[in-house]
Amino acid sequence: MLLLLATIASPVTNSLCTESGAYCVRPLTGNLCTDSPGFCDIIDKTAANISPLYQLDAFDWTVLVLYFGILTVLAIYGVYRVKQVIDFWRYSRFPPKPKGVFAESELPFITVQLPLFNEMYVVERLVKAVTEIDYPRERMEIQVLDDSTDETVSIARATVSSFAAQGFDIHYLHREDRRGFKSGALENGMKTAKGDLIAIFDADFVPKPDFLRKLIHHFTDPIVGCAQMRWSHINGSYNLLTRLQTIMLDGHFVVEQTTRNRAGNFFNFNGTAGIWRREAIEMSGGWQHDTLTEDTDLSFRAQLMGWRFVYLLDEDAPAEIPVEINAFKAQQRRWAKGVLQVWFKLYRRIWHAPLPLRVKVEMFFRLTGNISYPLMIVASFMQFPLLLVRYNQGLHQLMILDVPLLFFSTVSVVLFYGTAVWYLDKKRSMRMLHLPLVMGLGIGLAFSNARAVLEALAGVKSDFVRTPKYRVETATDESWKGKKYKRKHGWLPLLELSFSLYFVLAIGYALRMHMWGPIAFLMLFCFGYGYMGTMSLLQTTGARRLTSFWRPATKTS
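Residues numbered from 1 in each chain as written. Predicted model: local features only at pLDDT ≥ 70, side-chain atom pairs only at ≥ 80, totals over all residues. Heavy atoms only, no water.

### What to know about the nonpolar core
Note the following rule: Only buried residues count toward a nonpolar core, which is a set of Ala, Val, Leu, Ile, Met, Phe, Trp, Tyr and Cys residues joined through side-chain atoms within 4.5 Å. Exposure classes here rest on a 1.4 Å probe applied to the protein chains alone. A residue is buried below 20% of its type maximum, exposed above 50%, and partly exposed in between. Working rule for contacts: check all heavy atoms of both residues, and any pair within 4.5 Å makes them a contact.
Counting 120 residues, the largest nonpolar core has Leu 114, Val 144, Phe 201, Phe 211, Leu 212, Trp 276 and Trp 287 as the members making the most contacts within it. Among residues more than four places away in sequence, those in contact with Leu 114 are Leu 126, Val 127, Val 130, Ile 142, Gln 143, Val 144, Leu 145 and Phe 201. Counting residues in each nonpolar core, the second largest holds 13 residues, with Tyr 67, Phe 68, Leu 74 and Leu 386 among its members.

Set out below in structure tokens:
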């Protein structure tokens, strides 16, 4: 078979055969590289230098040291992810069980807090879902904590009045001053809240009727300070962005949260879909607004004081996730910056706390993981110089380092998110096929999240940027495109698109030089930056305005 390939690929002679019009081949020597030089290009590039006299120069050493240094750091975080996957399968069979069960007449009084800011499309849905929760009315109070500055004020006030007339203990609290943003609203609500337990729902949630009864009995243990449910997704199959988001969120809520909770480590309340013991909030210093992730901040302060948290993997609270890319980027940017702010705020307390070293190390990885985004940008920029070095040096010398580092920095991501898909889905094949795109989406977030990380490192303060909700529940609903609250894209999409073009050129170079190994890796970068940049521009401009240029004009009579 190899001789046949060599025969087909061998060049035509230029002498007698050409003059007679016949097709001739050179006599075969049996050596593939002699009979078909092109056949051995890839072997030459992977087995030997382009020249035996080639020596690494300062440029090569700089590229290699910097690249493999970054890859080593990413690989360390990759090892952490692999450990989480292993621990997840070890602990997933041991769900937490309540210490006891409240008698119906002894159910604790609960205040349900609903913090809002300009949520005109979803406020009625949220309040209606909360009033349908299966819990004695005389044991539940509802607070609508509204900081809105638009039509949401009148809608929320009318909704509260309607349910108050039906006999619900529901109150509308509006603030003119948004001091502290969400944490300030929650703090303000605590002043008049009557409950010993505080349940919290963001505006994009639609809690199930059994929500409180699934969580409440864990508070029979007086040391339990918070109980959290897994998020599920109302519109997870709406478009490519939401499908990729569900996998990313499921990785966090299935693998990370479960493993941390059941392995005895700290995990954070996610700001919604959970219940707090009021005493735990107050003893831990209350809601504070010096970070953008007030939920993570309070969670770690409470656990450092000895409060125990409970996480329910197999119970879920449905929520709407962003269908628009700029809203998604703003949400991820807020989380990335806020979590790192919590690390700078608490790392001294964490280090000096009387905790096992493994718990402290886990908290370090949890709170500093977003530092990978600036490193990812540097690694992205270095891909083209790295191709030049690889071409001159040959691939086999670098494979000894490449394989283990790339495994832990990239394959670990597939194992991490693939575990969540495997656990949740009975029909897994379609979502599994999305895993490479999830990696690309994570790469595409690099510029947006790196900016957040650098701001956190520099101590730059910024406002709490809400994630807009449009009440998108069906796959055919495109009404959100004409609604308010869309975010501007800024200048980042242009940078993302320029990097996408950079990787197009890098892929072209790799193809030209027959360097097949890096191409799949380069395509992930190209997709991630290209998708982010393109969708940011398109969704901001609006599909109607863009498509109007090529739609045929409507005939008039």
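### Some details on the packing of aromatic side chains
Quick note on the threshold: Under the pairing criterion, centres of Phe, Tyr and Trp rings, with the six-membered ring standing for Trp, must be within 6.5 Å; the plane angle then separates stacked pairs below 30 degrees from edge-to-face pairs above 60, leaving the rest tilted. Secondary structure elements are taken from DSSP: a helix is a run of H or I of four residues or more, a strand is a run of E of two residues or more, and numbering for both begins at the N terminus. Definition used: whenever NZ (Lys) or CZ (Arg) falls within 6 Å of the ring centre and also within 35 degrees of the ring normal, the charge is taken to sit over that ring.
Applying the stated criterion across every chain yields a total of 39 aromatic pairs. Measuring from ring centre to ring centre gives 5.1 Å for Tyr 67 and Phe 68, while their planes differ by 70 degrees; the resulting arrangement is edge-to-face. In this structure, Tyr 67 and Phe 68 share a single accessibility class: buried. For the ring pair Tyr 80 and Phe 365, a centre distance of 4.8 Å and an interplane angle of 10 degrees mean the geometry is stacked. Within this pair, whereas Tyr 80 is found in helix 5 (residues 58-91), its partner Phe 365 is found in helix 14 (residues 357-368), the two being separated by 285 residues in sequence. There is no split in this pair, since Tyr 80 and Phe 365 are both buried. These aromatic residues form a ring-pair network of at least three members: Phe 381, Phe 384, Phe 447, Phe 499, Tyr 502, Phe 503, Tyr 509, Phe 521, Phe 525 and Tyr 529. Between Arg 428 and the ring centre of Trp 422, over which it is positioned, the NZ or CZ distance is 3.8 Å. A cation sits over an aromatic face here: Lys 483 above Tyr 121, 4.6 Å from the ring centre.

### Regarding the side chain of Arg 466
We apply this condition: Here a polar contact is recorded for every N or O atom pair within 3.5 Å, except that within protein the pair must consist of a potential hydrogen donor and a potential acceptor, and residues adjacent in sequence are included only if both atoms are side-chain atoms.
Within the secondary structure layout, Arg 466 lies in the loop between helix 20 (446-458) and helix 21 (492-512). With relative accessibility at 13%, the residue Arg 466 sits in the buried group. Engagement of the side chain of Arg 466 in a polar contact is seen with the backbone oxygen of Phe 117, the distance being 2.7 Å. Among the polar contacts listed, one links the side chain of Arg 466 to the side chain of Glu 119, at a separation of 2.8 Å. Discounting residues that sit within four places of it in the chain, Arg 466 has contacts with Phe 117, Asn 118, Glu 119, Arg 334 and Tyr 485.

### With respect to the side chain of Glu 119
Among the structural elements, Glu 119 can be located in the loop between strand 1 (110-116) and helix 6 (123-131). Beyond its immediate chain neighbours, meaning those up to four positions away, Glu 119 contacts Ser 148, Thr 152, Ala 203, Arg 466, Lys 469 and Tyr 485.

### Focus on the packing of helix 5 against helix 10 (residues 240-262)
For clarity, the threshold we go by: Note on geometry: axes are C-alpha line fits, over the in-contact stretch for helices, and angles between N-to-C directions span 0 to 180 degrees. Note on terminology: angles under 35 degrees are roughly parallel, angles over 145 are roughly antiparallel, angles of 65 to 115 are roughly perpendicular, and the others are oblique. A clockwise turn of the near helix away from the far one marks a right-handed crossing, whereas an anticlockwise turn of less than a right angle marks a left-handed crossing. By the convention adopted, Pro, Cys, Tyr, Trp, Phe, Met, Ile, Leu, Val and Ala count as nonpolar, Lys, Arg, Asp and Glu as charged, and the other residues, Gly among them, as polar.
In the contact formed by helix 5 and helix 10, the axes pass within 9 Å of each other and the chain directions differ by 70 degrees. One finds that helix 5 runs roughly perpendicular with respect to helix 10. Helix 10 is crossed by helix 5, and the crossing has left-handed handedness. Along the contact surface, helix 5 presents Tyr 80, Gln 84, Val 85, Asp 87, Phe 88 and Tyr 91, while helix 10 presents Val 254, Val 255, Glu 256, Thr 258, Thr 259, Arg 260 and Arg 262. Here the residues of the contact of helix 5 with helix 10 are counted per class, giving 6 nonpolar, 3 polar and 4 charged.

### Here we look at the sheet that holds strand 7 (residues 308-319)
Condition: Between any two strands, pairing holds if DSSP finds at least two bridges.
Taken in spatial order, the 7 strands of this open sheet run 3-2-1-4-6-5-7, and their pairing is mixed. Unpaired on one side and paired on the other, strand 3 (170-174) and strand 7 mark the two borders of the sheet. Ignoring strand direction, the axes of neighbouring strands in this sheet form an average angle of 20 degrees. Across 9 bridges, strand 5 (residues 224-233) lies against strand 7 in parallel orientation. What sits directly across from Ser 232, in strand 7, is Pro 318. Of the strands in this sheet, strand 1, strand 2 (140-146) and strand 3 are in contact with helix 6, which crosses strand 1 at around 170 degrees.

### Section: the pairing of strand 6 (residues 274-277)
Neither face of strand 6 is left uncovered, since the one carrying Gly 274 and Trp 276 and the one carrying Ile 275 and Arg 277 both have all their residues buried. Looking at chain direction, strand 4 (residues 197-200) and strand 6 are connected through 4 bridges and run antiparallel. Pairing of Leu 197 across the sheet is with Arg 277, part of strand 6.

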